[in-house]
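Results of the structural survey
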Number of protein chains: 2
Amino acid sequence: MKELRVDLGNQRSYPIYIGSGLLQQADLLRRHIRSKQVLVVSNETVAPLYLNQVLANLADYQTEAAILPDGEQYKTLHYLEKIFDGLLANKFSRNATLIALGGGVIGDMGGFAAACYQRGIAFIQIPTTLLAQVDSSVGGKTGVNHALGKNMIGAFYQPQCVIADADVLDTLDDRQLSAGLAEVIKYGLIRDPEFLHWLEANLPNLLARDKAALAYAIERSCINKAEVVGEDEFESGVRATLNLGHTFGHAIETGSGYGHYLHGEAVAIGTCFAADLSRRLGWLLDADVARIIAIFKAANLPVTPPADMTTEQYVDLMAVDKKNVDGKIRVILLEALGKASLPVNIDLAQLQATLNGYAG
Amino acid sequence: MKELRVDLGNQRSYPIYIGSGLLQQADLLRRHIRSKQVLVVSNETVAPLYLNQVLANLADYQTEAAILPDGEQYKTLHYLEKIFDGLLANKFSRNATLIALGGGVIGDMGGFAAACYQRGIAFIQIPTTLLAQVDSSVGGKTGVNHALGKNMIGAFYQPQCVIADADVLDTLDDRQLSAGLAEVIKYGLIRDPEFLHWLEANLPNLLARDKAALAYAIERSCINKAEVVGEDEFESGVRATLNLGHTFGHAIETGSGYGHYLHGEAVAIGTCFAADLSRRLGWLLDADVARIIAIFKAANLPVTPPADMTTEQYVDLMAVDKKNVDGKIRVILLEALGKASLPVNIDLAQLQATLNGYAG
């Protein structure tokens, strides 16, 4: 087992455990629980696979479970209330602990519920998708979607720990595995060119679920994520670079209806947009853009946008991105392969050129 | 105008302005707004009276308003979503400012919406009820109710400033004025015996809306509140004493249906419960309890509980109070007139004796 640390320079710092067989290590979980009451939040896909194992580790606690339907379309205030129902129906106190057992949707919702219940209870992330293990479970961004914008309602709220058991990826379907790789590739593109090289060489191994390759990719991703979050917990600067491809991607997710694209798929397409726009600004070469498209294709990710979204829709949806100031659109671009820009104010004509001209 | 400061020892510290004609002082408001976009959250009672005045101060901003129905029964996640609708429909960015113009419900909901929108935007409290001016607008407790418990979903989130214009109390109805006095009296009971004396002598002046008396009561209440919050922002200790009467009071509000009692009315009844329990523990004399009941009666506040709530209902509802640990009920009691206890673990038999025996 590897142990990394998200060092926030304060008492909110916490460990990330990465390895095999971690779900069977009861002590790893129990050492982070300081209460008798534990609510496990999971979904209808993950709970049948792993809920009993987690509960078996907590036989002497008052454990309850809140099981949500599976999918981005359920990441709403309405379904968040189901978690509060579970906490209140069982009379859970402010010293209770919430465990989020699932992918990014469950982690974001569980974390946000923990942030809000009685103005804040402890929570633990047990991510069960590659995407959640390498990205969303680390760093304390929690929240739900709104019909008009992705992740628009939420909180910065850090977990007590993250337990990333690579074994759970055995039950992940191929589409979800690829979606996770989109965020893995992101780290290479924004700040880790050496990792980008490694990924280009090792994508076949990752897709073949080679354990050592996956473990390395998770660890290296988490190291990158922990460094960035440690530097800028509340996204006043460099943390925004983790949003490469996300402004376009969120527009695609919202515009095509939550749940149609997986988050990682939309990020892959969005990153191709960002690469194109970076090329138009003279920052990337045609060859760089081709390399980015190639690596996403090699990961079995989509690189062309939905056929039915208009330029106007993108502009409209991107106008509520969290990086914007006074309603002006800002995006993260690439200054080079392995180096992201801070948020860039985008000239609408340049943006429209990318939106109109991009053809994958 | 008086200016107090909530000193939290960090950048979240902020001023409270108390005085007459403050709503007409555009600069007071404008100096705390660092964006072009401003959403005013208010309700159907307050907006017709004061919204135009607030907007007139902000003629050169992009201003929008979200108007909610008036009442505790609308302090829910469902109506919170209306505020997010207003922010998103107008494409408000993370640097936007939210102004809460109203009583405690609007302040709590507006503050919570500000805490969650894009994971946090700036907000300003303009309290328009006595209760909000002396208590709920100060200290950063925000949130909404759940069918199973009052204020169960929320955040600690501090405003940029609080603007308490005593003139707005001219339009407050008598019942709301009395409800506010319940929290004013609370400060006397928990930590300011001299103020308690002053209140006993001056209640007739306050009920007659004597401007000088009201201004003094607001200021002295805010000084007390600011001191306690400055000492313990996140309620790990002394701040819980502000909850005197609230554990019983919240149970009455939830049990009798939100909106039936005003919050201050439920707190008055709840404080009589707490006084009775304090007497049973040998901390208060019969004469002390009589004095507490007398002062609430003099403020035209109820001192007897709803006829139709059972002991079992109280115990059930109090089991989800935020002060509880592992589901065990804890309440704030009075060690003497002017001195509150920290949360006390309550023996169920003692509690039931109070619940059964209390007759006003």
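Residues numbered from 1 in each chain as written. Chains lettered and ligands numbered in written order. Predicted model: local features only at pLDDT ≥ 70, side-chain atom pairs only at ≥ 80, totals over all residues. Heavy atoms only, no water.

**Considerations on the packing of helix H6 (residues 174–191) of chain A against helix H8 (residues 211–231) of chain A**
Residues and elements named next belong to chain A. Contact geometry of H6 with H8 gives a least axis separation of 10 Å together with a crossing angle of 50°. Compared by their axis directions, H6 and H8 come out oblique. Pair H6 / H8 crosses with left-handed handedness. Between H6 and H8, the contacting residues are Leu-177, Val-184, Tyr-187 and Arg-191 on the first element and Leu-214, Ala-217, Ser-221, Asn-224, Lys-225, Glu-227 and Val-228 on the second. (Axes fitted to C-alpha atoms, helices over the stretch in contact; angles between N-to-C directions. Helix = DSSP H or I, 4+ residues; strand = E, 2+ residues; numbered from the N terminus. Parallel < 35°, antiparallel > 145°, perpendicular 65-115°, else oblique. Left-handed = near helix turned anticlockwise from the far one by under 90°. Contact = heavy atoms within 4.5 Å.)

**With respect to the relation of the copies chain A and chain B**
Each copy of the chain is related to the other by a rotation around an axis and a translation along that axis. Structural alignment of chain A on chain B gives an RMSD of 0.0 Å, achieved by rotating through 180° and translating 0.0 Å along the axis. The superposition operator between the copies reduces to a two-fold rotation axis. If distances are taken from each C-alpha of chain A to the rotation axis, the shortest is found for Leu77(A), at 3.6 Å. Both copies present the same face, since 100% of the interface residues in chain A are matched by interface residues at the equivalent positions in chain B. (Least-squares fit on C-alpha atoms with pLDDT ≥ 70 in both.)

**Thoughts on the packing of helix H10 (residues 263–280) of chain B against helix H13 (residues 348–357) of chain B**
Two measures define how a pair of helices packs: the angle their axes make with one another and the distance between the axes. Residue and element names in this part refer to chain B. Close contact between H10 and H13 brings their axes to 10 Å; oriented N to C, the two are set at 125°. It follows that H10 is oblique to H13 by the angle criterion. Our pair here, H10 against H13, has a crossing hand that is right-handed. Here Phe-273, Asp-276, Leu-277 and Arg-280 of H10 lie close against H13, whose contacting residues are Gln-350, Leu-351, Ala-353, Thr-354, Leu-355 and Gly-357. Its residues assigned to classes, the contact of H10 with H13 comprises 5 nonpolar, 3 polar and 2 charged. (Nonpolar A, V, L, I, M, F, W, Y, C, P; charged D, E, K, R; others polar.)

**Focus: the pairing of strand E9 (residues 162–165) of chain B**
Successive side chains on a regular strand alternate, one facing one side of the sheet and the next facing the other. Residue and element names in this part refer to chain B. Alternating positions in E9 separate into two faces, Val-162 and Ala-164 on one and Ile-163 and Asp-165 on the other, with burial throughout. Of the pairings in the sheet, the one linking strand E2 (residues 14–19) to E9 comprises 4 bridges and is parallel in character. Note on E9: the bridge partner recorded for Gly-19 is Asp-165. (Buried < 20%, exposed > 50% of the residue type's maximum accessible area, 1.4 Å probe, protein only. Pairing = 2+ DSSP bridges.)

**Looking at the environment of Leu285(A)**
Residue and element names in this part refer to chain A. Residue position: Leu-285 is located in the loop between helix H10 (263–280) and helix H11 (286–298). Taking relative accessible area as the criterion, Leu-285 reaches 56% and is therefore assigned exposed. The spatial distance from the C-alpha of Leu-285 to the C-alpha of Ala-275 is 9.4 Å, given a sequence separation of 10 residues.

**Some remarks on the interface of chain A and chain B**
The interface is formed by 39 residues belonging to chain A together with 39 residues belonging to chain B. Both faces considered, chain A and chain B share a buried interface measuring about 3,700 Å² in area, 55% of it formed by carbon and sulfur atoms. Viewed at the interface, chain B and chain A are joined by 4 salt bridges. Breaking the side of chain A that touches chain B down by element, the ones donating at least two residues are helix H3 (77–89), helix H4 (104–116), strand E7 (141–146) and strand E8 (149–156) of chain A. Along the lines of polarity and charge, the residues of the side of chain A that touches chain B split into 16 nonpolar, 11 polar and 12 charged. (Buried area = accessible area lost by both parts, 1.4 Å probe. Salt bridge = Lys/Arg side-chain N within 4 Å of Asp/Glu carboxyl O.)

**Remarks on unusual backbone geometry**
For Arg209(A), which is not glycine, the phi dihedral falls at a positive 60°. Structurally, Arg209(A) is set in the loop between helix H7 (193–207) and H8. For Arg209(A), a relative accessible area of 21% corresponds to the partly exposed category. Phi at Arg119(B) takes a positive value of approximately 65°, unusual for a residue other than glycine. By the secondary structure assignment, Arg119(B) is in the loop between helix H4 (104–116) and strand E6 (122–127).

**Here we look at the packing of aromatic side chains**
Aromatic ring pairs are described here by two measures, namely the spacing of the ring centres and the angle between the planes. The tally for this structure, following the rule as stated, stands at 16 aromatic pairs over all chains. Cluster of aromatic residues (ring-pair linked, three or more members): Phe195(A), Trp198(A) and Tyr216(A). The side chain of Lys36(A) reaches across the aromatic face of Tyr61(A), ending 5.7 Å from its centre. Lying over the aromatic face of Phe156(A), Arg119(B) brings its terminal NZ or CZ to 5.8 Å of the ring centre. (Phe/Tyr/Trp six-rings, centres within 6.5 Å; stacked < 30°, edge-to-face > 60°. Lys NZ or Arg CZ within 6 Å of the ring centre and 35° of its normal.)

**Quick word on the side chain of Ser136(B)**
By the secondary structure assignment, Ser136(B) is in helix H5 (residues 130–136). What Ser136(B) contacts, discounting residues up to four positions off in sequence, is Gly104(B), Asp108(B), Gln125(B), Leu131(B), Lys141(B) and Lys225(B).

**A few points about helix H9 (residues 246–255) of chain A**
Residue and element names in this part refer to chain A. Within H9, 9 of the 10 residues are buried, which leaves it mostly tucked inside the rest of the structure. Of the positions making up H9, those classed as buried are His-246, Thr-247, Phe-248, Gly-249, His-250, Ala-251, Ile-252, Glu-253 and Thr-254. Packing partners of the buried residues in H9 comprise E8, H6, H10, helix H12 (311–318), strand E10 (330–331) and helix H13 (348–357). Among the residues trailing H9, Gly-257 stands out with phi positive, at a value near 95°.

**Side note on the environment of Pro159(B)**
Residues and elements named next belong to chain B. Residue position: Pro-159 is located in the loop between strand E8 (149–156) and E9. Spatially, the C-alpha atoms of Pro-159 and Ile-121 are 9.7 Å apart, while their sequence positions differ by 38 residues. Setting aside anything within four residues of it in sequence, one finds Pro-159 in contact with Tyr-14, Phe-123, Gln-125 and Ser-137.

**Quick notes on the domain arrangement of chain A**
Accessible area lost during the coming together of the parts is what is often quoted as the interface size. Residues and elements named next belong to chain A. You can read the domains of chain A as domain 1 (2–171) and domain 2 (174–357). In this structure, domain 1 and domain 2 have C-alpha centres spaced 25 Å apart. Facing the 37 residues of domain 1 at the interface are 38 residues of domain 2. Scanning the region where domain 1 abuts domain 2 turns up 8 salt bridges. A salt bridge links Arg-12 to Glu-233; the nearest nitrogen and oxygen atoms lie 2.9 Å apart. Our enumeration of links across domain 1 and domain 2 arrives at 16 residue pairs in polar contact (both at pLDDT 80 or more). (Domains from an automatic or database assignment. Polar contact = N/O pair within 3.5 Å; in protein donor to acceptor, adjacent residues only side chain to side chain.)

**So, the environment of Glu3(B)**
Residues and elements named next belong to chain B. Here Glu-3 shows up in strand E1 (residues 2–6). For Glu-3 and Leu-88, which are 85 residues apart along the polypeptide, the C-alpha to C-alpha distance reads 34 Å. Among residues more than four places away in sequence, those in contact with Glu-3 are Pro-15, Ile-16 and Tyr-17.

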